[in-house]
Amino acid sequence: MPELPEVEAYRVAAQAALGRRVAELEVQDPRVLASGTSTTALVERVPGRKLVAVRRRGKLLVLDLPPTRLGLRFGMTGRLLVDGWSPVERLLWASPRLEPRWLRLVVRFEGGGSLGLVDPRLLGRVALDPDEDALGPDALTATPAELARALQGSVALKARLLDQRRIAGIGNLVADELLWRAALAPGRPAGSLEVADRTRLHRILRRTLADLVARGGSHLGDLMPERRPGGRCPRDGTPLVRGRVGGRTTWWCPAHQR
Ligand SMILES: [Zn+2]
């Protein structure tokens, strides 16, 4: 599923379209539009605009088309097509095939080329002028102070990390990989971390995201092959525990994650 590493790959690939002017926008399936965004508004406001920047905040991809912005969310199975190809070939829960009927929206540029949203399960959304500030700071660039602010309170640590309003971009697989690497138990209260724990978590967050971006997917972590019944901690061989934290299936090592 697209977490920060996949959306970062989409952002990098979409740089190919910078400087192009939109010729037309086609909504193939209006169900992909976020509430408050209509086909009429998109078709009125996007064509004629020039793509001057492609940004990412958490899992939200923002196309800057001044004075308009287009926000793309990829849900569980969404992929960005850049000039007809996908920078991420395979998502964990999605077919690697590209069926024409899964193409929900296309932005075509003057002189050729396009950006398209392919989404088999239709859980992604496209929004005109999305509310970016509803999201917390981006997980890849958050400062230690921003991470500390996101982790206040007695809610489970993993639940806080998954809360996109607090810190944006961490999904279920990245959270389990991160907490395993940082030797922190997912269910402990977020606000219970000592300064040294938070400093380590911040450092490992950046390193983990950088690793997963380089490897090309959120499902390519070191813990991932063991996230299964009978799986063992790759660090110390202890059988992993499975439970629900923050409403999500969670795997962790009871020996070294505290
Ligand atoms: Zn362990």
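Above this text you will find the structure in question.
So, how was this worked out
Residues numbered from 1 in each chain as written. Predicted model: local features only at pLDDT ≥ 70, side-chain atom pairs only at ≥ 80, totals over all residues. Heavy atoms only, no water. Pairing = 2+ DSSP bridges. Helix = DSSP H or I, 4+ residues; strand = E, 2+ residues; numbered from the N terminus. Axes fitted to C-alpha atoms, helices over the stretch in contact; angles between N-to-C directions. Contact = heavy atoms within 4.5 Å. Donors = N, O, S within 2.8 Å, 3.2 Å for Na, K, Ca; no water. Buried < 20%, exposed > 50% of the residue type's maximum accessible area, 1.4 Å probe, protein only.

Things to note about the sheet that holds strand β6 (residues 103-109)
Phase 1 of the analysis: Ordered in space as β1-β6-β7-β5, the four strands form an open sheet in which the pairing is antiparallel. Among the strands making up the open sheet, the edge pair consists of β1 (22-27) and β5 (79-82). Strand-to-strand twist of the sheet, defined as the mean angle between neighbouring strand axes without regard to direction, takes the value 15°.
Phase 2 of the analysis: Note that β6 and strand β7 (residues 114-118) share five bridges and pair antiparallel. By the bridge assignment for β7, Val106 is matched with Gly116.
Phase 3 of the analysis: Relative to the sheet, helix α1 (residues 4-14) contacts β5 and β7, its axis offset from that of β5 by approximately 15°.

A few points about the coordination of the zinc ion
Phase 1 of the analysis: Coordination sphere of the zinc ion, protein contribution only: Cys233 (SG), Asp236 (OD), Asp236 (OD), Cys253 (SG) and His256 (ND1), at 2.0 to 2.8 Å.
Phase 2 of the analysis: The motif formed by the donor residues of the zinc ion, counted along the single chain, is C-x2-D-x16-C-x2-H. Linking Asp236 in the loop between α6 (195-215) and β9 (241-245) with Cys253 in the segment after β10 (248-252), this pair joins segments that are 17 residues apart in sequence.
Phase 3 of the analysis: Judged by its relative accessible area of 36%, Asp236 falls in the partly exposed class.
Phase 4 of the analysis: Its relative accessible area of 0% is what places Cys253 among the buried residues.

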